[in-house]
Amino acid sequence: MEPTSIEQGTSGPVRLTGEVREPAWLSMAGLRSMPQREMTVSFECRRSGTRRHFFTGPLLIDVIGAAGPLFDPGERKDRLRFLVAVLGRDGHRAVLSWGELDPEFGNTAALLAVSMDCRDLDEQGPHLVMPGDRCGARHISQVTDLRVCADERLWG
Ligand SMILES: Nc1nc2c(c(=O)[nH]1)N[C@H]1C(S)=C(S)[C@@H](COP(=O)(O)O)O[C@H]1N2
Ligand SMILES: [Mo]
């Protein structure tokens, strides 16, 4: 299914697709209109050593939840079959599980950040923030695509 509405931001919107009721184009303004969290994360990069950044933005699970993932919301076990794939403009990507984000399970407060170190990210696009990660590789910059997938095709 193709996203239905376009709210163009400076960086180009983020596409949210896959197994959701309402695929969407997310603008930076739209992400800012959601409840905001802030957090400082530090991590080790093999190349650049210890890094530390301050981010603000909505919780990733709120962003995806608003699009209506196609699980039975009242059935905790059904949610555990879902994956969230995150893609950066340069092709760097990571796959997360719904279970690691869900407050009833791993409860990782991942953000889709709209500002980094007190500068807005409108030029770059949003930034995935994974609090608790020791390596920086899942703090994906310039996110362009989020895709929700159920596990069915893994077993096919
Ligand atoms: N889009 C994108 N984001 C990325 C990467 C990348 O290659 N592409 N590298 C990751 C890695 S390995 C690290 S350590 C951090 C480094 O972030 P910093 O240099 O801004 O502190 O960015 C992460 N985010
Ligand atoms: Mo890194």
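Heads up: the structure comes first, above all this text.
In short, a report on the structure. (Residues numbered from 1 in each chain as written. Chains lettered and ligands numbered in written order. Predicted model: local features only at pLDDT ≥ 70, side-chain atom pairs only at ≥ 80, totals over all residues. Heavy atoms only, no water.)

**A short note on the packing of aromatic side chains**
The cut-off we apply is this: In this analysis, rings of Phe, Tyr and Trp, with Trp reduced to its six-membered ring, are considered paired at centre separations within 6.5 Å, and the interplanar angle assigns stacked below 30 degrees, edge-to-face beyond 60, and tilted for intermediate values. Each helix is a run of DSSP H or I of at least 4 residues and each strand a run of E of at least 2, with the numbering of both proceeding from the N terminus. Only protein chains enter the calculation, and the probe is 1.4 Å; a residue is then buried if its accessible area is under 20% of its type maximum, exposed if over 50%, and partly exposed in between.
This model, assessed by the stated rule, comprises two aromatic pairs. Where Phe 71 meets Phe 82, the ring centres are 5.1 Å apart and the plane angle is 90°; that geometry is what we call edge-to-face. With Phe 71 in the loop between helix H2 (60–66) and helix H3 (76–79) and Phe 82 in strand S5 (residues 82–88), this residue pair connects regions lying 11 residues apart in the sequence. Phe 71 sits in the buried class, given a relative accessible area of 13%.

**Some remarks on the side chain of Thr 144**
Worth spelling out the cut-off: Pairs of residues are marked as contacts when any of their non-hydrogen atoms sit within 4.5 Å.
Summarising the element assignment, Thr 144 is placed in strand S11 (residues 143–150). In contact with Thr 144, other than residues within four places in its own chain, are Pro 13, Val 14, Arg 15, Leu 87, Gly 88 and Arg 89.

**A few points about the pairing of strand S3 (residues 37–45)**
Worth spelling out the cut-off: Only when DSSP finds a minimum of two bridges between them are two strands counted as paired.
The pairing of S3 with strand S4 (residues 49–57) spans nine bridges and is classified as antiparallel. Paired with Arg 37 across the bridge in S4 is Gly 57. The antiparallel hairpin formed by S3 and S4 contains three residues in its connecting segment.

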